[in-house]
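What follows is each chain in one-letter form.
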Amino acid sequence: MLLHLLYLCAALVLNVAYVRGHRISRQSECPPYDKGTIIVDSYQLYPENADFDLNECLLYFGALYNASVVVYDPYKAETVLTLEFPGITRTRPFHVGGVAWDPYTNLISILVDSAIPHETPDHQISGDDFIVRYDPATKELVWALNITEVSQGQYGGQQDVEHDSRGHVYVLGTYPGTILRVEPDGSSISPWYLPEEIDHTSAGLTGFAATGDILLASDAKNESGSGEIYRFDLTADKGVPVLVPRTPDDPIMSLDAVYLPPKYGGKVLLVSEHDRGVSVLRSADGKWESAEYLGLISNYSSLADGAVNTATVEVFGTIYTVDEWFTDPIVPGSAAGNRTEFPLVDITYEIDELLAAAL
């Protein structure tokens, strides 16, 4: 554990005092993007999550099995950078799943997590998890924290990351469903929401997304039936989940990430469901005290045969599914399969059709 943290810390070159209140000036707006479904050509990418940096107009992918971050320019259709971490990249049991651009600082938050809770039947909590902040302007790490020093092996399955306007970073774990909060200067991390019963064999929160001071989180309810969406107040000292009732109360199943596409101003939530596709929810006033269930966009593309939907991402006006192949055979001597082409399927039209039908 200490060795891995030292490897990360060896790469830290920015002063923490500089990071507090850190702001990077915004460049001009990204050009509109309307190229439809695209194929990302990147050997062993296997992305479970992705986010678009609206400052540099680049896509960040968490390369799950190789435990690295692939930076992709969708306008040029090429990979421009791969972030690797000594002692972590291509090293079992590490994964990189959660990756997110912070719109308040223009920094990138990267979640390095142990694969063990996701791959064992009882979600065994073992191995180290780290939250890392990266500055794309200087191409340097800002800080890194060992999440395991807080969780103490009681809970884990870290797989998503979010931010608030006050500089905090939030880390979501699925077993049994927890949210940790990092101080703006990266000096400490502490529990912000813990369930009443800490039972790591149970699957809880799977993904979250923020709009203003509202945090929306999906809860798998231990996959015992339909999942739910909960609302949290990011201004609170501690997180308190409030159910977001939906009408009609159609089921949402096999949950993974949730996403609020910027083009809809925080009023549309996309819920990724492994085996079914993407459910579309709307809050007409953006307060998320309740939601309309608009419908399901099914996993229909032949390009994603054998994959499951794990996330969605918007590239300046166009919304894509992020699909993952969890069952590809591992290439001997490596950490991932031999797949090279990874489709991002354009579902913008289907979302807009559901919205138009609800008017």
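Analysis parameters
- Residues numbered from 1 in each chain as written.
- Predicted model: local features only at pLDDT ≥ 70, side-chain atom pairs only at ≥ 80, totals over all residues.
- Heavy atoms only, no water.
- Helix = DSSP H or I, 4+ residues; strand = E, 2+ residues; numbered from the N terminus.
- Rg over C-alpha atoms; globule rule 2.2 N^0.38 Å.
- Buried < 20%, exposed > 50% of the residue type's maximum accessible area, 1.4 Å probe, protein only.
- Areas by Shrake-Rupley, 256 points an atom, 1.4 Å probe, with all protein chains shown as cover.
- Lys, Arg positive; Asp, Glu negative; His and termini not counted.
- Charge placed at Lys NZ, Arg CZ, Asp CG, Glu CD.
- Phe/Tyr/Trp six-rings, centres within 6.5 Å; stacked < 30°, edge-to-face > 60°.
- Pairing = 2+ DSSP bridges.
- Disulfide = S-S within 2.5 Å.
- Arc of directions from axis to C-beta.
- Contact = heavy atoms within 4.5 Å.

*Asks:* Would you explain the overall build of the protein in this entry?
*Replies:* Counting its secondary structure elements, the protein contains five helices and 25 strands. In summary, the protein has a C-alpha radius of gyration of 19 Å against a globular reference of 21 Å for 359 residues, a match within 12%. Within the protein, the fraction of its 359 residues that count as buried is 57%. Working note: accessible area of the protein is about 14,300 Å², and carbon and sulfur atoms make up 51% of it. The centroid of the 21 positive side-chain charges in the protein is displaced by 6 Å from the centroid of its 51 negative side-chain charges.

*Asks:* I tried to follow the packing of aromatic side chains on my own but got confused; where do I start?
*Replies:* To describe a pair of aromatic rings, one takes the distance between the centres and the angle between the planes. For the structure shown, the criterion picks out 10 aromatic pairs. With 5.2 Å between their ring centres and 70° between their planes, tyrosine 170 and tryptophan 192 make a pair best called edge-to-face. Pair noted here: tyrosine 170 is in strand E11 (residues 169-175) and tryptophan 192 is in strand E13 (residues 189-193), with a separation of 22 residues, a long-range link. Of the two residues examined, tyrosine 170 and tryptophan 192, each falls in the buried class. Here the aromatic rings of tryptophan 325 and phenylalanine 342 are separated by 6.1 Å at their centres, their planes lie at 70°, and the arrangement is edge-to-face.

*Asks:* Just to check I follow, could you spell out the pairing of strand E23 (residues 308-315) for this structure?
*Replies:* Sheet faces and side chains relate simply in a regular strand, where the side chains alternate between the two faces. Most of E23 is tucked away: eight of the eight residues are buried. Across seven bridges, E23 lies against strand E24 (residues 318-324) in antiparallel orientation. Its bridge partner lying in E24, threonine 312 is registered against threonine 321.

*Asks:* What's the story with the state of the cysteines in this structure? I'm lost.
*Replies:* Each disulfide consists of a covalent bond between the sulfur atoms of two cysteine residues. Scanning the entire structure with this criterion turns up one disulfide. With a sulfur-sulfur separation of 2.0 Å, cysteine 30 is cross-linked through a disulfide to cysteine 57. One disulfide, between cysteine 30 and cysteine 57, carries an S-S torsion of -100° and so falls in the left-handed class. With cysteine 30 in the loop between helix H2 (16-19) and strand E1 (38-41) and cysteine 57 in the loop between strand E2 (47-53) and strand E3 (58-63), this pair connects stretches of sequence that are 27 residues apart. Pair check on accessibility: cysteine 30 and cysteine 57 agree, each one buried.

*Asks:* Before we go on, may I ask you to explain helix H5 (residues 348-357) in this structure?
*Replies:* Each α-helix turn comprises 3.6 residues. Residues three or four places apart therefore point the same way. Every buried residue of H5 is listed here: Thr348, Ile351, Leu354 and Leu355. The buried residues of H5 occupy an angular sector of 130° when the element is viewed end-on, so they sit on one face. H5 presents Tyr349 and Ala357 as exposed residues on the side facing more than 90 degrees away from its buried surface. In the core, the buried residues of H5 are packed alongside strand E20 (268-273), strand E21 (277-282), strand E22 (291-298), E24 and strand E25 (341-346).

*Asks:* Quick question: what am I supposed to make of the environment of tyrosine 72 here?
*Replies:* Topologically, tyrosine 72 is positioned in strand E4 (residues 68-73). Separated by 30 residues in the primary sequence, tyrosine 72 and serine 42 place their C-alpha atoms 9.5 Å from one another. Among residues more than four places away in sequence, those in contact with tyrosine 72 are Ile39, Val40, Leu58, Leu59, Phe61, Ala77, Glu78 and Thr79.

It is worth stressing that arrangement in space is one thing and function is another; only the former is reported here.
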